[in-house]
Amino acid sequence: MNIPQNIIVRLNELPIEEVAEKLGLEVRRHKALCFKHSDHNPSITFSTSKNIYRCWVCGVGGGTIKLVQDKEGWNFQEACIWLGQNFNVWWPEGQTERNIIKKTPLQKVHITKHKEETLVFDKEIYTWIINNTTLLEPAKSFLYKERHLNEVIVQNLRIASVVNSLDMVDALVKRFGEETCLKTGLIRRSNYGMHFYFYTPCLLFPYYDQDGSLIGIQSRYLGTNEKAPRFQFMSSQKTRLYNLPILNSLNRGDKLYISEGITDCLALLSDGLNAVAIPSATILPLEDLILLKNYELHMYPDRDEAGQKAFMALRRFFINHYSTVRAEALPEGVKDYCDYYIKKQEIYGKE
């Protein structure tokens, strides 16, 4: 379907916050919770002057049409159809296929929507995925060749990968049934068939609570699609700290590092240091952080504004709970601990 350029311009000029609210997002002070990951602190911001949105955690963003595509999982034409029907923008007379929007009811291009708060976290299905997937290329290349991470650490954390999403969909439906898989949100249905929620190829990082029970999975996209979110998250509850089971091996007063993100955490662990990770600079799982107050806490803040703000937020939190976290400085020329670790490995080798 060809959509006239003047129609595309009109659709992209629709007030983006009004479009967001029509999509079911609650917009307050130009902010909203992100629909791409578990988010309890609004990480989406709207610019009414530029008429765009952006999530500062997963990086998803764009204009009005892109917002509809990202939120609903629709293609460009389907997003335009939805906008046209909901904001009374139609094909002008005489334009190619000018009546398509009028003739195409919304329900015929509808894609099954799964709001994050209504999804079922089926631990059996997620456990099966972790137990029945292994590290494949390009996952091994990313972890071992690019990042030089310790293979034993990666294996102990049960990190997996998915390369072929269609094979994964077939395997899950065959084992657990289509209805059960759709309820979890791991598989979603569109006009073009069923597809896997996580963009592939990707790494899968399982999250466990302190007792070793699986509570979530985070993906890290490894492909070349610039529009795909780099991280996606599915969880049984609010986002948690990564690598909580390490607390079982620590004693009161032991040194423990808090990293910003999983890859920094893996680098710290590969360096022989005890570490847990907050999911991002803007997500602080307070219910888990309180578990850390009796350890000697350290952090290598990333060399950017977000990293510095994350450290200050953590510092304030622990001061309020009669503890502290100490900042350690990264060497000049490195942006985060993972970058520092990679440079050390390239210079000195894994010994």
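That block above? That's the structure.
A quick note: this is a predicted structure, and the numbers were derived from the prediction, not measured.

Caption draft 1: Local environment of helix α11 (residues 262-270). Among the nine residues in α11, nine count as buried, and that is most of the element. Restricting attention to buried positions, one finds in α11 the residues Ile262, Thr263, Asp264, Cys265, Leu266, Ala267, Leu268, Leu269 and Ser270. With its phi angle positive at about 85°, Gly272 sits one or two positions after the end of α11.

Caption draft 2: Molecular detail of unusual backbone geometry. In the segment running from Glu137 into Pro138, the intervening peptide bond is cis, with an omega of 10°. Position of Pro138 relative to the elements: it lies in the loop between α6 (123-131) and α7 (139-146). Between Thr200 and the following residue, Pro201, the backbone shows a cis peptide bond with an omega angle of 5°. Mapped onto the secondary structure, Pro201 falls in the loop between β7 (193-196) and β8 (202-208). A positive phi angle, near 55°, is found at Arg29, a position not held by glycine. Assignment of secondary structure puts Arg29 in the loop between α2 (16-22) and β1 (31-32). Since its relative accessible area comes to 80%, Arg29 is described here as exposed.

Caption draft 3: Expanded view of the nonpolar core. Leu143, Ile159, Tyr242, Leu266 and Leu292 are the most contacted members of the largest nonpolar core, which has 53 residues in total. If sequence neighbours within four positions are ignored, Tyr242 has contacts with Leu157, Ile159, Phe205, Pro206, Tyr207, Ile262, Cys265, Leu266, Val276 and Ala277. Counting residues in each nonpolar core, the second largest holds 30 residues, with Ile7, Tyr53, Val60 and Ala79 among its members.

Caption draft 4: Structural detail: the packing of aromatic side chains. On inspection of all chains with the given rule, the structure shows 14 aromatic pairs. Plain terms: the ring middles of Tyr257 and Tyr300 are 5.7 Å apart, the flat faces sit at 10° to each other, and that makes the pair stacked. You can see Tyr257 sitting in strand β11 (residues 255-260) and its partner Tyr300 sitting in the loop between β13 (296-299) and α13 (305-320), a full 43 residues away along the chain. Across the pair, exposure class does not vary: Tyr257 and Tyr300 are buried alike. Here the aromatic rings of Tyr300 and Tyr337 are separated by 4.8 Å at their centres, their planes lie at 45°, and the arrangement is tilted. You can see Tyr300 sitting in the loop between β13 and α13 and its partner Tyr337 sitting in helix α14 (residues 337-348), a full 37 residues away along the chain. The pair Tyr300 / Tyr337 is uniform in exposure class, with both members buried. Joined through ring pairs, the aromatic side chains of Phe205, Tyr207, Phe233 and Tyr242 make up one cluster. One cation-aromatic arrangement involves Lys344 over Tyr340; the distance from NZ or CZ to the ring centre is 4.6 Å.

Caption draft 5: Region of the structure containing the sheet that holds strand β12 (residues 275-278). The strand order across the open sheet built from four strands is β12-β11-β13-β14, with neighbouring strands paired in parallel fashion. Each edge of the sheet is formed by a strand with only one pairing partner; in this case those strands are β12 and β14 (325-327). When the angles between neighbouring strand axes are averaged without regard to direction, this sheet yields 30°. Docked against the sheet, α11 engages β11 and β12, running at close to 175° with respect to β12. Packed onto the sheet, α13 meets β11, β12, β13 and β14 and runs at close to 150° relative to β14.

Rules used throughout
- Residues numbered from 1 in each chain as written.
- Predicted model: local features only at pLDDT ≥ 70, side-chain atom pairs only at ≥ 80, totals over all residues.
- Heavy atoms only, no water.
- Buried < 20%, exposed > 50% of the residue type's maximum accessible area, 1.4 Å probe, protein only.
- Helix = DSSP H or I, 4+ residues; strand = E, 2+ residues; numbered from the N terminus.
- Core = buried A, V, L, I, M, F, W, Y, C linked by side-chain atoms within 4.5 Å.
- Contact = heavy atoms within 4.5 Å.
- Phe/Tyr/Trp six-rings, centres within 6.5 Å; stacked < 30°, edge-to-face > 60°.
- Lys NZ or Arg CZ within 6 Å of the ring centre and 35° of its normal.
- Pairing = 2+ DSSP bridges.
- Axes fitted to C-alpha atoms, helices over the stretch in contact; angles between N-to-C directions.

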